[in-house]
Amino acid sequence: YDKWEGVRLEEDADDPAAAAASYRKALKVWPGPVDWQVVFRLSNCLRRLGRADEADRMKARSDELGRLIGDDFHRPLREALADLDDPA
């Protein structure tokens, strides 16, 4: 709920402060801590609020989380699971 309330506040109400508060609440509940979209949107709100340093930290965290869902990260795992008899 908090993620989508943040989207509504950010996009429809044009209220980055309230949206940031909703995104922060969303980060406290699973899957918020690993949801790169919430972190990315929070970064955008913080930037609009003039909090560039904090926005940069959130953007870096978003990029880090985004890499974890990428194919480069998951391909070796899928390949390993394809042949469980191969210890390598």
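As shown above, the structure is provided for reference.
Residues numbered from 1 in each chain as written. Predicted model: local features only at pLDDT ≥ 70, side-chain atom pairs only at ≥ 80, totals over all residues. Heavy atoms only, no water.

Enquirer: For this particular structure, what's the right way to read unusual backbone geometry?
Expert: In terms of backbone geometry, most residues other than glycine have negative phi values and most peptide bonds are trans. The step from W30 to P31 runs through a cis peptide bond, and the omega angle for that step is 5°. The backbone of D14 shows a phi angle near 50°, a positive value even though the residue is not glycine. Among the structural elements, D14 can be located in the loop between α1 (2-12) and α2 (16-26). (Helix = DSSP H or I, 4+ residues; strand = E, 2+ residues; numbered from the N terminus.)

Enquirer: Got a minute to help me understand the pattern of salt bridges in this structure?
Expert: Oppositely charged side chains can form a pair if their charged atoms are brought close together. If you walk through the whole model with that rule in mind, you get 11 salt bridges. Of the charged contacts in the structure, one is a salt bridge between R24 and E54, with a shortest N-O distance of 2.3 Å. Taken as a pair, R24 in helix α2 and E54 in helix α4 (residues 52-68) lie far apart in primary sequence, 30 residues in all. In this structure R24 comes out as partly exposed when scored by relative accessible area, which is 31%. Several salt bridges converge on common partners, so that one network encompasses E10, E11 and R41. (Salt bridge = Lys/Arg side-chain N within 4 Å of Asp/Glu carboxyl O. Buried < 20%, exposed > 50% of the residue type's maximum accessible area, 1.4 Å probe, protein only.)

Enquirer: Would you explain the nonpolar core in this entry?
Expert: General note: in soluble globular proteins, nonpolar side chains tend to be found buried as a group. Of all hydrophobic cores here, the largest spans 14 residues; its most connected members are A19, Y23, L42, C45, L46 and M58. Residue assignment for this core shows that the elements contributing at least two residues are α1, α2, α3 (36-48) and α4. Here this core takes five residues from α3, the largest share from any one element. (Core = buried A, V, L, I, M, F, W, Y, C linked by side-chain atoms within 4.5 Å.)

Enquirer: Would you mind showing me how to read the environment of L9 here?
Expert: Mapped onto the elements, L9 comes out in helix α1. The class of L9 is buried, set by a relative accessible area of 11%. Counting along the chain gives 12 residues from L9 to A21, while the straight-line C-alpha distance between them is 9.9 Å. Residues in contact with L9, not counting those within four places in the same chain, are D14, D15, A18, A19 and S22. (Contact = heavy atoms within 4.5 Å.)

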